[in-house]
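Structural description and commentary
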Amino acid sequence: MNSTLKVIKSRGAIVFAGLFVSILLLVMTSRTIKWDNVSQAFATAIWLPWVPLAVATYMVGMLLRGLRLKQLVGGEATVTTATASNIIAVGYAVNNILPARLGEFARAGMLAERTGLPYALALTVTFLERLLDGLTILCLFVAASLITPTEAWMRNAAQIAGLIFAMVLPCVFFLAIFPQVSFNLASQVSHPFGRKIHHKVLALTTQVSRGFSCLRDATSSLTVLLLSFIIWIVEGLMFALIMPCFKITLSPIKAMAVMAFTNLGILVPSTPGYLAVYHRCCSEALQAVTSKPGASFLPPFMPAIISQAIMPFNIATVDPSTAISYAVVVHLIFYSTVTIWGVIAMARYGVELGATAALAWEAKPVGLAELASESNFALITSVPSLKSEELPIKLTPFWIALTEAICPAVAKIDSTQQKQACKMAAQFLCEELSALPLKLRTLIKIGMFGFRFIAIAFGLNLFENLSLDKRVTLVNAWSFGKIGLTRKMFKPLRSIALLAYFEDSAVQKSLDDMEAERKTGTVSPAMTEVPKP
Amino acid sequence: MIEKRSQVLIIGSGAGGTTTATTLAQEGFDVVVLEEGGRHPLSSYGQAPTKAMQLLYRNRGMMPIMGSIPIGYVEGRCLGGSTEINSGFWHRLPPEFLLRWQARFGLRDFSMDALQTHFDWAEEKLHVQDRNGDWPKSTQVFQRGIEAMQWSAQEVRRAATGCVNTNSCATGCPKGAKQGVSVALVPEAEAAGARFITGARAKLLIKSGGKVTGVLAEITHPEGGSHLVRIDADYVFVCAGPTQTPALLRRSGIKEHIGDTFQIHPMLKVTALFEEEIDAHKSVMPLLQVKEFWPDISLGGSFFSVGHLAINLADNWLDTRESIVNYRRMASYYVGVRGTGSGSVRASMTGDGDAVLKYELSDVDVRHLSQGLARLSTLLLAAGASEVYPCVYGLPKITSELDSVRWLDETLPRSALSLTTVHGFSTCPIGERPERCAADSYGKVHGLTNLYLGDASMLPDSPGINPQGTIMAIARRNALNFAQTHKNGRN
């Protein structure tokens with residue numbers, strides 16, 4: 001009861017602070033604005049084709065966010081890009097309607113409900129998304145600042161944001177990379193505070209570590225980072241597309257700086273939909289970046305003649321009234337698009353409620369029956385398994401091609417059987433390599449990256465597309481060549497592949513056939529690199 | 001008034017864990033055993049090695065020991081632990097090792113007489129006996145070589161009553177002939193009230209006031225999903241094996257002499273091609289061990305399948321692969337050395353804190369391996385082998401005695417060796433020498449009043465033999481001592 005009251009009180013304080021900031025900025029902004037000029041700016045604005053283009057761009061950005069969310073939860077649960085985009089839209093919509101960034105909690109709640117993930121884990125994923133957003137925006141702001149001039153106060157504000165992220169980031173990576181050490185630390189720190197707190201802290205640490213698990217895999221980490229950059233570059237494009245509405249020369253770089261600063265600005269508590277804070281940050285940033293010359297045009301990307309035809313204007317410096325008009329339109333596009341999308345998604349999913357994996361999970365806590373009888377067992381937390389385990393090293397055409405190059409066809413085997421045996425061996429090879437300790441697995445991955453790179457240089461094609469002869473030559477050069485390191489790397493690969501290949505019943509039968517032939521006096525090589533047709 | 005039984009939590013269900021569980025349950029303790037692997041029926045045993053590795057082996061058999069040369073190591077991860085996948089070979093601890101351990105580690109009450117009853121008990125439970133019937137062909141040819149060389153050897157007794165030569169020792173005996181503890185002891189422990197919870201990985205021991213107050217474990221459900229649970233117990237026995245016991249203790253902040261002295265028996269595999277059909281893939285592995293050069297060097301028989309033969313030939317594959325077609329006329333053997341190098345087990349900082357294994361072969365080890373290869377290949381050639389294939393890169397085959405004896409004087413290049421091992425121990429040595437022992441003579445971990453060890457990790461040093469018998473006898477001895485000590489102090 002007391003804790004609930006505390007939460008309400010703390011949330012109430014945030015709502016009050018947000019309201020206060022919004023009103024303050026609203027008053028400050030309205031005092032500096034000449035409203036006649038704002039009306040004039042709206043009256044003379046060119047809406048087509050810029051606004052529809054901006055809306056479409058924003059929607060593409062939302063789909064990309066969905067794709068990123070899908071990737072972030074990929075290790076734990078399955079969710080489609082459409083559903084993930086809807087989840088994000090719901091979160092944004094709730095942020096636009098309700099105060100205190102409640103949308104983040106709604107988004108985590110819906111993610112949990114849609115996927116069956118525990119709420120704490122879903123909230124961690126949401127936090128990770130926002131952290132990635134913040135980092136990407138900061139990087140884009142720095143990049144844009146290098147190209148286009150920005151005011152000192154903007155850079156100072158970005159530095160503060162950078163400092164916050166610099167403090168959070170190591171914690172996130174620690175939890176992601178060192179889950180067991182985090183768990184040990186959490187246990188040690190919370191143990192003196194009694195069993196209840198100890199269990200709660202351990203449960204939270206477990207879920208949070210799992211939420212960050214996608215960062216443990218380099219490929220997955222790079223993918224989400226790349227997607228984050230694409231998402232915010234697309235968002236910057238949306239900001240750029242509104243510029244010509246007010247006859248401001250279209251500049252993606254300046255728009256990027258405005259977008260980055262605006263989104264950093266709305267970290268400050270404000271009213272639902274970031275009213276006033278968003279407008280103030282956006283308009284100030286626009287004025288700042290357009291107050292100095294530089295990076296204000298599309299060429300050399302677009303010939304001058306075309307840009308003149310599309311945008312027969314050339315406002316380089318933006319006055320406060322135009323800037324606030326610009327901010328209003330950008331905000332409106334963001335606000336209305338995502339709110340409508342979110343409300344529709346909420347309505348749609350509201351109808352389907354009750355048929356989800358989450359509810360199934362809640363209804364049937366797995367395996368507790370046998371533990372319930374144990375008086376000395378205490379359940380701390382449960383993590384559902386919502387998708388089959390994915391191998392860190394997946395079976396791809398490369399691994400099949402590599403196995404074919406390692407495993408020579410036995411003379412009596414036909415090509416279909418050889419292909420099947422090699423595929424099974426490749427699958428086994430991937431499973432076994434996936435079971436290696438993380439460090440060794442990473443070394444194998446790096447080694448294989450080098451091997452594939454050399455293969456491209458050697459055959460001017462991907463390894464898997466090379467002829468079997470060339471593949472065998474390459475594999476043998478690495479396996480039995482003069483470089484000890486490559487020999488050492490290929491030894492376990494060869495051993496595992498050969499084990500599985502020669503355990504295949506068709507391969508063993510062909511060996512028996514060979515032996516029988518030899519007994520009758522026929523002598524032919526037992527192994528060929530290329531199977532007989 | 002109803003007496004509340006003391007709760008004992010045992011982590012690990014291998015040779016040591018199940019022996020401890022059986023003993024304590026029969027002594028009236030309330031025993032729960034956590035086993036990380038699954039409980040598999042006999043019908044799932046005896047599959048192809050590729051399937052068995054996924055079912056019964058830790059990390060699907062991928063547990064390399066790192067060092068200047070990596071050494072392949074495997075251990076079981078299932079109910080019964082490594083006893084489900086070993087050969088069932090049985091030895092009693094040789095008296096000279098018993099004396100050495102007493103002298104070096106100050107083991108108390110550790111005499112052959114004191115251990116006798118415990119070996120008897122284990123041998124009775126596991127039906128340890130000499131083989132009835134003829135030797136398989138791979139043993140017969142080995143015997144021929146031994147006779148030709150006039151070396152001392154012994155047939156190893158096995159815990160495999162009624163063995164019918166399915167060649168499934170390493171993949172789980174589907175006939176239930178080999179007496180893994182899941183067959184021989186678990187039912188008895190369960191009958192006495194012990195409960196085995198499979199799919200349960202101990203993550204951390206919770207310590208408070210000089211004792212372990214609970215264990216945090218992750219229990220995986222067969223249908224998917226997992227639970228993080230806390231299990232409280234009056235006493236905790238860590239019997240998770242030579243690699244997992246030190247990893248768990250170190251993760252839990254217990255580090256004094258833990259994981260610093262990892263010992264193994266490095267083994268070099270050798271395959272021989274004979275003129276006659278051996279059909280080693282259809283019979284139990286060779287049962288004789290050459291003791292002429294023991295304890296430094298042992299020669300014996302190795303598990304054989306066509307896939308494993310391919311692995312043995314893989315070092316010099318381009319030169320040797322044609323030979324695989326003769327697999328019916330081939331059998332595999334090993335040179336085992338006692339291991340005098342230095343090794344360690346640590347909990348990985350990254351990921352889930354898995355065990356990181358390291359072992360550096362000593363020069364003496366390499367020397368013994370070279371001499372062992374010389375002797376084994378001479379023996380095999382004398383037994384009628386036409387070609388001998390060692391797992392040494394750059395040495396595809398040995399075809400004459402003169403080629404063999406070369407290695408009596410020369411040393412094999414260290415980096416050319418492909419070694420394996422299935423015996424690990426001594427990561428938490430017991431004894432009364434505080435400067436080198438992790439626990440006292442009865443396995444009680446120093447500095448903690450209710451934490452005990454009971455697996456291969458507690459063996460003070462490399463025993464130079466298949467260690468299952470020794471592990472079970474010492475675990476039984478320690479469990480009985482624990483029961484005696486704590487009966488009066490029962491809750």
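Along each chain, residue indices are assigned from 1 in the same order as the chain's sequence is written. Labels are handed out in written order, letters beginning with A for the chains and numbers beginning with 1 for the ligands. Only residues with pLDDT of 70 or above have their local features reported here, since the model is predicted, and side-chain atom pairs are shown and tallied only from 80 upward, although totals for entire chains, interfaces and linings are computed over all residues.

**Some remarks on the environment of Asn326 of chain B**
Residue and element names in this part refer to chain B. Mapped onto the elements, Asn326 comes out in the loop between helix H10 (317–320) and strand S16 (330–337). Any residue with 12 or fewer other C-beta atoms within 10 Å of its own C-beta is exposed, any with 20 or more is buried, and the rest are partly exposed; the C-beta atoms used are placed from the backbone. For Asn326, a count of 20 C-beta atoms within 10 Å gives the class buried. Counting along the chain gives 53 residues from Asn326 to Leu273, while the straight-line C-alpha distance between them is 7.6 Å. Here a strand is any run of E in DSSP of at least two residues, a helix any run of H or I of at least four, and the numbering for each starts at the N terminus.

**Some details on the packing of helix H11 (residues 252–265) of chain A against helix H12 (residues 277–290) of chain A**
Residue and element names in this part refer to chain A. For the pair H11 and H12, interaxial distance at closest approach is 8 Å and the crossing angle is 150 degrees. By the criterion of interaxial angle, the relationship of H11 to H12 is roughly antiparallel. In the packing of H11 onto H12, the handedness of the crossing is right-handed. Within the contact between the two elements, H11 uses Lys254, Ala257, Val258, Phe261, Thr262 and Gly265 and H12 uses Val277, Tyr278, Cys281, Cys282, Ala285, Leu286, Val289 and Thr290. Note on residue classes: Ala, Val, Leu, Ile, Met, Phe, Trp, Tyr, Cys and Pro are nonpolar, Asp, Glu, Lys and Arg are charged, and everything else, Gly too, is polar. In terms of residue class, the contact of H11 with H12 is made up of 10 nonpolar, three polar and one charged. All axes here are fitted lines through C-alpha atoms, helices being fitted over the stretch that makes contact, and every angle between N-to-C directions spans 0 to 180 degrees. For this classification, under 35 degrees means roughly parallel, over 145 means roughly antiparallel, 65 to 115 means roughly perpendicular, and everything else is oblique. Crossings are classed by handedness, with left-handed meaning an anticlockwise turn of the near helix from the far one by less than a right angle and right-handed meaning a clockwise turn. A pair of residues counts as a contact when their C-beta atoms, built from backbone coordinates, are separated by no more than 7 Å.

**Things to note about the confidence of the model for chain B**
pLDDT measures how confident the predictor is about each residue, on a scale from 0 to 100. Of the residues in chain B, 98% reach a pLDDT of 70 or more, and the chain-wide mean stands at 93. Both scores are available for the predicted complex, with the pTM at 0.84 and the ipTM at 0.93.

**As for the sheet that holds strand S11 (residues 235–238) of chain B**
All names here are of chain B. Spatially, the five strands line up as an open sheet ordered S7-S2-S1-S11-S22, and their pairing is parallel. Each edge of the sheet is formed by a strand with only one pairing partner; in this case those strands are strand S7 (195–198) and strand S22 (451–453). Put simply, the sheet's adjacent strands are angled 20 degrees from each other on average, direction ignored. Along the sheet, helix H1 (residues 15–26) makes contact with strand S1 (7–11), strand S2 (30–35) and S11, crossing S2 at roughly 165 degrees. In this scheme, strands are said to pair when DSSP sees at least two bridges between them.

**Description of the sheet that holds strand S1 (residues 377–383) of chain A**
Within the open sheet, the four strands sit side by side as S1(A)-S10(B)-S9(B)-S8(B). Their pairing is antiparallel. Edge positions in the sheet fall to S1 of chain A together with strand S8 (200–208) of chain B, since each has one partner strand and no second. Geometrically, the sheet is characterised by an average inter-axis angle of 20 degrees between neighbouring strands, direction not taken into account. Relative to strand S10 (residues 226–231) of chain B, strand S9 (residues 211–220) of chain B runs antiparallel, the two sharing six bridges. Bridging from a neighbouring strand, Glu218 of chain B pairs with Leu228 of chain B of S10 of chain B. Across the sheet, helix H8 (residues 179–190) of chain A is in contact with S8 and S9 of chain B; its angle to S8 of chain B comes to roughly 35 degrees.

**Quick look at the packing of helix H3 (residues 50–72) of chain A against helix H4 (residues 81–97) of chain A**
Residues and elements named next belong to chain A. At a minimum axis separation of 7 Å, H3 and H4 run at an interaxial angle of 110 degrees. The orientation of H3 relative to H4 falls into the category roughly perpendicular. Contact with H3, carried on its side by Met62, Leu63, Arg65, Gly66, Leu67, Leu69 and Lys70, involves Thr81, Ala82, Ala84, Ser85, Ile87, Ile88 and Ala89 of H4 and no other residues of that element. Here the contact of H3 with H4 is composed, by residue class, of nine nonpolar, three polar and two charged.

**Quick look at the interface of chain B and chain A**
It is common to report an interface's size as the accessible area lost on association of the parts. Opposite the 52 residues of chain B that make contact, chain A presents 53 residues. Mapped by element, the contributors of at least two residues to the side of chain B that touches chain A are helix H2 (49–56), S8, S10, helix H9 (306–313) and H10 of chain B. Per-class residue counts for the side of chain B that touches chain A are 22 nonpolar, 19 polar and 11 charged. Sheet analysis places S1 of chain A next to S10 of chain B, joined by six bridges and oriented antiparallel. Pairing of Leu379 of chain A across the sheet is with Val229 of chain B, part of S10 of chain B.

**Structural notes on the domain arrangement of chain B**
Residue and element names in this part refer to chain B. Segmenting chain B into domains produces domain 1 (7–39 + 78–128 + 179–262 + 423–487) and domain 2 (137–167 + 266–421). As annotated, the domain borders come from an automatic or database domain assignment. Taken over C-alpha atoms, the centre of domain 1 sits 30 Å from the centre of domain 2. Listed as interface residues are 22 residues of domain 1 and, on the opposing side, 22 residues of domain 2. Where the side of domain 1 that touches domain 2 is concerned, the elements lending two or more residues are strand S4 (89–90) and helix H8 (244–251). Among the elements that line the side of domain 1 that touches domain 2, the one with the most residues is H8, at five residues. Taken together, the residues of the side of domain 1 that touches domain 2 break down into seven nonpolar, 12 polar and three charged.

**Some details on the nonpolar core**
Each nonpolar core reported here comprises buried Ala, Val, Leu, Ile, Met, Phe, Trp, Tyr and Cys residues connected via C-beta atoms within 7 Å. Leu429 of chain A together with Ile11 and Val335 of chain B are the most contacted members of the largest nonpolar core, which totals 212 residues. The dominant element in this core, judged by the number of residues it contributes, is helix H21 (residues 484–502) of chain A, at 10 residues. Filtering out sequence-adjacent residues up to four positions away, Leu429 of chain A remains in contact with Trp399, Thr403, Leu493, Ile496, Ala497 and Ala500 of chain A. Counting residues in each nonpolar core, the second largest holds 90 residues, with Ala122, Phe212, Leu227 and Val289 of chain A among its members.

**So, the environment of Arg367 of chain B**
All names here are of chain B. Looking at the secondary structure, you find Arg367 in helix H11 (residues 363–382). Residue class for Arg367 comes out partly exposed when judged on the 19 C-beta atoms lying within 10 Å of it. Put simply, Arg367 and Ile471 are 104 residues apart on the chain and 29 Å apart in space, counted from C-alpha to C-alpha.

**Some thoughts on unusual backbone geometry**
Look at the link from Trp294 of chain B to Pro295 of chain B: it is a cis peptide, with omega at 10 degrees. In the Ramachandran plot, Leu460 of chain A falls in the positive-phi region, its phi being about 55 degrees despite a non-glycine side chain. At Asp279 of chain B, a residue that is not glycine, the phi angle is positive and equals roughly 55 degrees. By secondary structure assignment, the location of Asp279 of chain B is in the loop between strand S13 (267–273) and strand S14 (288–290). You can call Asp279 of chain B partly exposed: it has 18 C-beta atoms within 10 Å.

**A short note on the pairing of S13 of chain B**
Residues and elements named next belong to chain B. Counting buried positions along S13 gives seven out of seven residues, so the element sits mostly inside the fold. Side chains Met267, Lys269, Thr271 and Leu273 of S13 all project onto a buried face; the interleaved residues Leu268, Val270 and Ala272 project onto the opposite face, where all are buried too. Here S13 runs beside S16; their pairing, made up of seven bridges, is antiparallel. If you follow Ala272 over to S16, its bridge partner there is Ala331. One ladder, built from four bridges, connects S13 with strand S19 (residues 387–390); its direction is antiparallel.

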